[in-house]
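Listed below, chain by chain, are the residues.
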Amino acid sequence: MFQPKLRLFKRQPFNFRTLFHTQKSTPSLLPPPKPPHLSLLADKCTSMNQLKQIHAQMIVSDRIHDNYAASRVVSFCALSDSGNLNYALKVFDTIHEPNSFMFNTMIRAQASTSNPFEAITLYIKMKKLGLIPGKHTFPFVLKACVNCYPLNPGKQIHADVMKFGLELDLYVVNGLIRCYCVCGDMHAARKSFEEVPERKLLIWNAVISGYAQNFCSNEALALFDQMLGEGLEPSGATLSSVLSACARSGSLEMGKQIHVYIKEKGIEVGLILGTALVDMYAKNGEISVARSLFDKMLERNTASWNAMICGLAVHGHAEEAFQLFQEMMDKAKIAPNNVTFVGVLSACCHAGLLEAGRGIFLSMERVYGIEPKIEHYGCMVDLLGRGGKLAEAEELINGMVCEADVVLLGALLRACKDHGNIKLAEKVVRKMLHLEPQNHGVYIVLSNMYADAGSWADVLRLREEMKDGGLKKIPGWSSTDGNKY
DNA sequence: AGATATCCCC
């Protein structure tokens, strides 16, 4: 006997026409229209609900064993905005012999999730099955490597790229460069860059942004110059990176020229480019230009507000920085992040607002749920130090979960100098030299403090010890307790 | 079936 359920289903398939607004069927005399190809329908889905119906049809009609049909389902679930990665994974697991197209799709989808290592696992599985990774595999595997930071399997993948002869593919090289940039290996990044025979904009952008993000402003600017020399037109992405390099290196003239270029070329100043411009002007002293550009921005995110607030802070405009901070939360409804608090706290430092700073520091965690990082402690130490509250500053450092760094200790040392606290300074210098044995600057500070106090014997002793190459004889120092503070 | 950018303590 036949299967009644299936017959029923066949006689009355679910209504594709209402789903996809295809033409109404011509009445009676003509043969009934063929149902559209299921795999093609999978591409036209707009929701998981629709896709599940198609998937069901595929299972019922046995087409799910056709790799092409299955891959359409996997593609939709894995990549579409209205898809569902877990569903894709389930379907993928049922496929007996997935082809490289499916692996590429899954790797691409997994690369941008919170679990990018899964993409690399899939890549390894793919190779084990004897499938050949190609130019649609590596860009996504490398993207996964970038997102896996600080874990960095990029070098191994690079070896595979060479093995499969894809080291000249633009998108693959782009991935390699980005991999090396995130882990700060600009030497390797540069090498990959130099080996590309025909450098398209994409490649320039990757390496310029890499230099900018690794604080190598001069290299970024030099490459930008070289790029223009070769007749390439920079994009908004290029200019954002270059402006960031201008901001950090104090290249106001170059920044202004870029601004003019943007206007002349009619390049759209959106969120990111706008923020980069504001930051560039703010860091280069043109705070009012920065402010008027900021006010004209149509869209602003946390980074935009941060750039403006931090800019006001370093220029000593604490009141305006606070106002903006309030406006950001109350009117714009943009959530502050840890960088915002660096800005607000440094506004307190530059204006000497001890009480306000204390309150903001406490509110960070209690009200906004942002755990203070070393930068915030740094601001507080600076603020307390300037106010002469050295004991409180030391107590704050001792209570930190993270290790004190030289920047933070440097702020404390300067406070010791300002308030003539030699005992604490000796302690701090010891710690700093433990972190940075060749930091000669701290000897000078301590020596000057001894001199200010008239302790000439100590000045001479210190001088002798500097010649010996170590501060072993500073009071309280012994080589065995160097690890302790 | 491909990617890229902005904000952070002395």
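We now turn to the structure provided with this report. Nothing here was measured: the structure is a model prediction, and the numbers come from that model. (Residues numbered from 1 in each chain as written. Chains lettered and ligands numbered in written order. Predicted model: local features only at pLDDT ≥ 70, side-chain atom pairs only at ≥ 80, totals over all residues. Heavy atoms only, no water.)

We now examine the protein's contact with DNA strand B. In the vicinity of DNA strand B, 36 residues are found, and the nearest of them are Arg108, Asp169, Leu202, Lys283 and Asn306. Within 4 Å of the protein, the contacting atoms of DNA strand B are drawn from sugar and phosphate to the extent of 52%. One of the side-chain nitrogen or oxygen atoms of Thr275 is found 3.1 Å away from a base oxygen of DNA strand B. The biggest single contributor to the surface near DNA strand B is helix α15 (residues 236-249), with five residues. Residue composition of the surface near DNA strand B, grouped by class: 13 nonpolar, 14 polar and nine charged. (Near = heavy atom within 4 Å. Polar contact = N/O pair within 3.5 Å; in protein donor to acceptor, adjacent residues only side chain to side chain. Helix = DSSP H or I, 4+ residues; strand = E, 2+ residues; numbered from the N terminus. Nonpolar A, V, L, I, M, F, W, Y, C, P; charged D, E, K, R; others polar.)

This part takes up the packing of helix α25 (residues 406-418) against helix α27 (residues 441-452). Orientation of α25 relative to α27, taken along the N-to-C sense of each, is 15°, at an axis distance of 10 Å. The pairing of α25 with α27 is recorded here as roughly parallel in orientation. As for how α25 packs across α27, the hand of that crossing is left-handed. On α27, the residues that touch Leu413, Cys416 and Lys417 of α25 are Val442, Val445, Asn448, Met449 and Asp452. (Axes fitted to C-alpha atoms, helices over the stretch in contact; angles between N-to-C directions. Parallel < 35°, antiparallel > 145°, perpendicular 65-115°, else oblique. Left-handed = near helix turned anticlockwise from the far one by under 90°. Contact = heavy atoms within 4.5 Å.)

Here we take up the environment of His96. Along the polypeptide, His96 turns up in the loop between α6 (85-94) and α7 (100-111). A sequence separation of 116 residues divides His96 from Ala212, and the C-alpha atoms of the two residues are 46 Å apart.

Before going further, it helps to spend a moment on helix α10 (residues 154-163). Inspection of α10 places Gly154, Ile157, His158, Asp160 and Val161 among the buried residues, and these make up the whole buried set. Buried residues of α10, seen end-on, are gathered within an arc of 160° and therefore sit on one face of the element. Across α10 from its buried face, at more than 90 degrees, point the exposed residues Lys155, Gln156 and Lys163. One or two positions beyond α10, positive phi appears at Gly165, with a value near 65°. (Buried < 20%, exposed > 50% of the residue type's maximum accessible area, 1.4 Å probe, protein only. Arc of directions from axis to C-beta.)

Here the focus is the packing of helix α5 (residues 67-79) against α6. What describes two packed helices is the angle between their axes and the distance between those same axes. For the pair α5 and α6, the least separation of the axes is 7 Å and the interaxial angle reads 155°. By the angle between their directions, the pair α5 and α6 is classed as roughly antiparallel. In the packing of α5 onto α6, the handedness of the crossing is left-handed. Taking contact as the criterion, the partners of Val73, Val74, Cys77 and Ala78 in α5 are, on α6, Leu85, Tyr87, Ala88, Val91 and Phe92. For the contact of α5 with α6, a count of residues per class yields nine nonpolar, no polar and no charged.

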